[in-house]
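For reference, the chains in residue letters:
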Amino acid sequence: MNLRESLRISWRSIRAHKLRSALTTLGVIIGIAAVITFMVLGGGFSEDIVGDIEAEQEPAMTVQTQTTPEDGFGVMLVETPIYTESDVDALEQREGVEYVAPQGSLDVVQTTADDEQLTGVVDTQATTADRFEHATFVDGGPFDGADEAVVNEQAGQAFEGNVSAGDELELTFEDGETTTVTVAGVVESELGEQTPPQAFVPADEHYTTTVETPDGDEERAYPTLQIGAAGLDDVDPVQETAVDYLEDDSHAAELKGDDDEIAVQTVEDAIEQFDDLVGQLTVFIGAVAGIALVVGSIGIANIMIVSVTERTREIGIMKAVGATKRDVMQLFLVESVVLGVIGAVVGVAAGLGFGYLGVWLLGWPMVYPLEWVAIAVAVGIGVGVVSGLYPAWRGARVDPIEALRHE
């Protein structure tokens, strides 16, 4: 029996039991559709953030402390203040460094504008005006005094009246103290719509966190630094210089935890780390969706075993007129593969459809995961082969004499 004839007979059997065939492939469809949908959403999310970052590359890098979570998944930022004023001064003296802007969180619990209060919404950071050297302002500019502040677009839009340059904000701290600042400018969000509402105030006047340095002195210390290079060509040399100093000669090297790591990240580094994280999430989601594929393969195997039982007499007639065991095995394998391919094709179409709907609603770009589409089709064929092996073998072993007696 040639392959074309096996396909014809298999397709006739599938069409004869449309509902049963549809239910059989449902597990494969759901599994593959889930994988493709999440790949589209993950790709759109990544492209949305990476596109925003790459569109405005600047000669700057971020210094943060990182550690590996106990579950070993991704990286986790450590907000411990270990970068002292001495470290800031030393980095500013390095060749190619234009500025070093420290940044630390303030314990602001409530932000008020025109009698409208937001509790725990606006993240308030203390930094210096250098932090906005390469930033784009949609209104106003950097702060230039102790009683001024800069807010990002999300913070400005968080209030019903849309805070703009010249408006006043009242900041309430955990200890109940309050301070009033004037908005000097509204800065464009760095990560688009994913950026949380933030306000920035001068560190010299508002940041008071100190640590005892390895030298025995008491100095202000920050959990984050931003280093600006003189130009894009200076980014790599400055990064190398900063890493050498921070790992070998800085206070931070002695103040950080044993399991922590000082990371000096450029835009390219941040993009690469983000892509790695998305990749790890992809693997996790794929594993979850794989459960549905396992269920789908069991469904195909089950229905093929039933098909062998129902078609026992047909198998006997085929063997009586000269069909070999190989012909029978081929027939059932082809049928199970066809079911797997149908599940894969429908699953890919459904996944792309749901994925497109999701990115359209979220305003993200559409990214077609072509490699995952190819994987999905291969998985569909593999599921068909694996789940059809036993039923095909069982059908091939049917005794033609006993089969002809079967009612």
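These numbers come from a predicted model, not from an experiment.

1. Considering the packing of helix α3 (residues 85–92) against helix α6 (residues 235–248)
1) Next: With their axes 11 Å apart at the nearest point, α3 and α6 run at an angle of 145° to one another. For α3 against α6, the interelement crossing comes out right-handed. Between α3 and α6, the residues in contact are Ser86, Asp87, Ala90 and Leu91 and Ala242, Tyr245 and Leu246, respectively.
2) Next: Across the contact of α3 with α6, the residue classes tally to five nonpolar, one polar and one charged.

2. Things to note about a nonpolar patch on the surface
1) Next: Nonpolar side chains collect at one region of the surface, where Phe354, Tyr356, Leu357, Trp360, Leu361 and Leu362 lie side by side and expose about 730 Å² of accessible area between them.
2) Next: Looking at the element boundaries, Trp360 is found in helix α10 (residues 325–362).

3. Things to note about the confidence of the model for the protein chain
1) Next: Averaged over all residues, the pLDDT of the protein chain is 83; the fraction at 70 or higher stands at 87%.
2) Next: Mean pLDDT values for the elements of the protein chain range from 57 in helix α12 (residues 400–405) up to 96 in strand β3 (residues 83–84).

4. Thoughts on the pattern of salt bridges
1) Next: Counted according to the given criterion, the structure contains two salt bridges.
2) Next: Salt-bridge contacts for Glu85 lead to Arg220; the nearest nitrogen and oxygen are separated by 3.3 Å. Separated by 135 residues along the polypeptide, Glu85 in helix α3 and Arg220 in strand β14 (residues 218–222) bring together distant segments of the chain.
3) Next: Here Asp204 and Arg220 are joined by a salt bridge, their closest N and O atoms 3.0 Å apart.

5. Thoughts on the side chain of Gln265
1) Next: You can see Gln265 is positioned in strand β16 (residues 261–265).
2) Next: A relative accessible area of 15% means that Gln265 is categorised as buried.
3) Next: Apart from the residues lying within four places of it in its own chain, the contact partners of Gln265 are Met61, Thr62, Gln64, Gln66, Gln239, Ala270 and Gln273.

6. Quick look at the sheet that holds β14
Sheet strands line up and pair through hydrogen bonds in the backbone, either parallel or antiparallel.
1) Next: Sheet architecture is open: three strands sit in the order β3-β14-β13, paired in antiparallel fashion. Lying at the two open borders of the sheet, with one neighbouring strand each, are β3 and β13 (210–212).
2) Next: The pairing of β13 with β14 spans three bridges and is classified as antiparallel. Across the sheet, residue Glu212 finds its bridge partner in β14, namely Glu218.

7. Some words on the packing of aromatic side chains
1) Next: Within the structure shown, the criterion is met by four aromatic pairs.
2) Next: With centroids separated by 5.4 Å and ring planes inclined at 80°, the aromatic side chains of Phe132 and Phe200 adopt a geometry described as edge-to-face. Of the two residues, Phe132 sits in the loop between β7 (123–127) and β8 (137–140) while Phe200 sits in strand β12 (residues 198–202), which places them 68 residues apart along the sequence.
3) Next: Since its relative accessible area comes to 2%, Phe200 is described here as buried.
4) Next: Among the aromatic residues, ring-to-ring pairing joins Phe132, Phe137, Phe143 and Phe200 into one connected group.

8. Some thoughts on the pairing of β14
1) Next: For β14, the buried fraction is high: four of the five residues fall into the buried class.
2) Next: In this antiparallel pair of consecutive strands, β13 and β14, the connection spans five residues, and Gly216 shows a positive phi of 95°.

9. Notes on the nonpolar core
1) Next: With 22 residues, the main nonpolar core has Leu106, Val151 and Leu169 as its most contacted residues.
2) Next: Of all the secondary-structure elements, those providing two or more residues to this core are β5 (108–113), β9 (148–152), β10 (168–173), β11 (178–187) and β12.
3) Next: Look past the residues within four positions of Leu169 in its chain and what remains in contact with it is Thr111, Thr112, Ala113, Val151, Phe159, Val163, Thr179, Thr180, Val181 and Val183.
4) Next: Core analysis: the second largest hydrophobic core is formed by 20 residues, Tyr83, Ala229, Leu246 and Ile262 among them.

10. Structural notes on the packing of helix α1 (residues 3–16) against α10
1) Next: Taken N-terminus to C-terminus, the directions of α1 and α10 make an angle of 60°; their axes are 9 Å apart at the nearest point. In terms of orientation, α1 and α10 fall into the oblique class. Of the two elements, α1 crosses α10, and the hand of that crossing is right-handed. Of α10, the residues touching α1 (which contributes Leu3, Ser6, Leu7, Ile9, Ser10, Trp11, Ser13 and Ile14) are Gln330, Leu331, Val334, Glu335, Val338, Leu339 and Ile342.

11. A word on the environment of Ser86
1) Next: You can see Ser86 is positioned in helix α3.
2) Next: Judged by its relative accessible area of 26%, Ser86 falls in the partly exposed class.
3) Next: In this structure, the C-alpha to C-alpha distance between Ser86 and Ala252, residues 166 residues apart in sequence, is 9.9 Å.
4) Next: What Ser86 contacts, discounting residues up to four positions off in sequence, is Glu219, Tyr245 and His251.

12. Some words on a negative patch on the surface
1) Next: On the surface, Asp236, Glu240, Asp244, Glu247, Asp248, Asp249, Glu261 and Glu268 cluster together into a patch of negative charge.
2) Next: Tallying contributions element by element places α6 first for the negative patch, with five residues.
3) Next: In this fold, Asp248 is placed in helix α6.

13. Considerations on the environment of Ile82
1) Next: Secondary-structure assignment places Ile82 in the loop between β2 (76–78) and β3.
2) Next: Look at Ile82 and you get buried, because its relative accessible area is 2%.
3) Next: Taking the C-alpha atoms as reference points, Ile82 and His251, 169 residues apart in sequence, are found 7.2 Å from one another.
4) Next: Not counting residues up to four positions away in its chain, the partners in contact with Ile82 are Thr65, Asp87, Ala221, Tyr222, His251, Ala252, Leu255 and Lys256.

Scoring rules and cut-offs
- Residues numbered from 1 in each chain as written.
- Predicted model: local features only at pLDDT ≥ 70, side-chain atom pairs only at ≥ 80, totals over all residues.
- Heavy atoms only, no water.
- Axes fitted to C-alpha atoms, helices over the stretch in contact; angles between N-to-C directions.
- Helix = DSSP H or I, 4+ residues; strand = E, 2+ residues; numbered from the N terminus.
- Left-handed = near helix turned anticlockwise from the far one by under 90°.
- Contact = heavy atoms within 4.5 Å.
- Nonpolar A, V, L, I, M, F, W, Y, C, P; charged D, E, K, R; others polar.
- Patch = residues over 30% accessible without salt bridge, like charges linked within 9 Å, V, L, I, M, F, W, Y side chains within 5 Å.
- Areas by Shrake-Rupley, 256 points an atom, 1.4 Å probe, with all protein chains shown as cover.
- Salt bridge = Lys/Arg side-chain N within 4 Å of Asp/Glu carboxyl O.
- pLDDT = per-residue confidence, 0-100.
- Buried < 20%, exposed > 50% of the residue type's maximum accessible area, 1.4 Å probe, protein only.
- Pairing = 2+ DSSP bridges.
- Phe/Tyr/Trp six-rings, centres within 6.5 Å; stacked < 30°, edge-to-face > 60°.
- Core = buried A, V, L, I, M, F, W, Y, C linked by side-chain atoms within 4.5 Å.
- Parallel < 35°, antiparallel > 145°, perpendicular 65-115°, else oblique.
- Lys, Arg positive; Asp, Glu negative; His and termini not counted.
- Charge placed at Lys NZ, Arg CZ, Asp CG, Glu CD.

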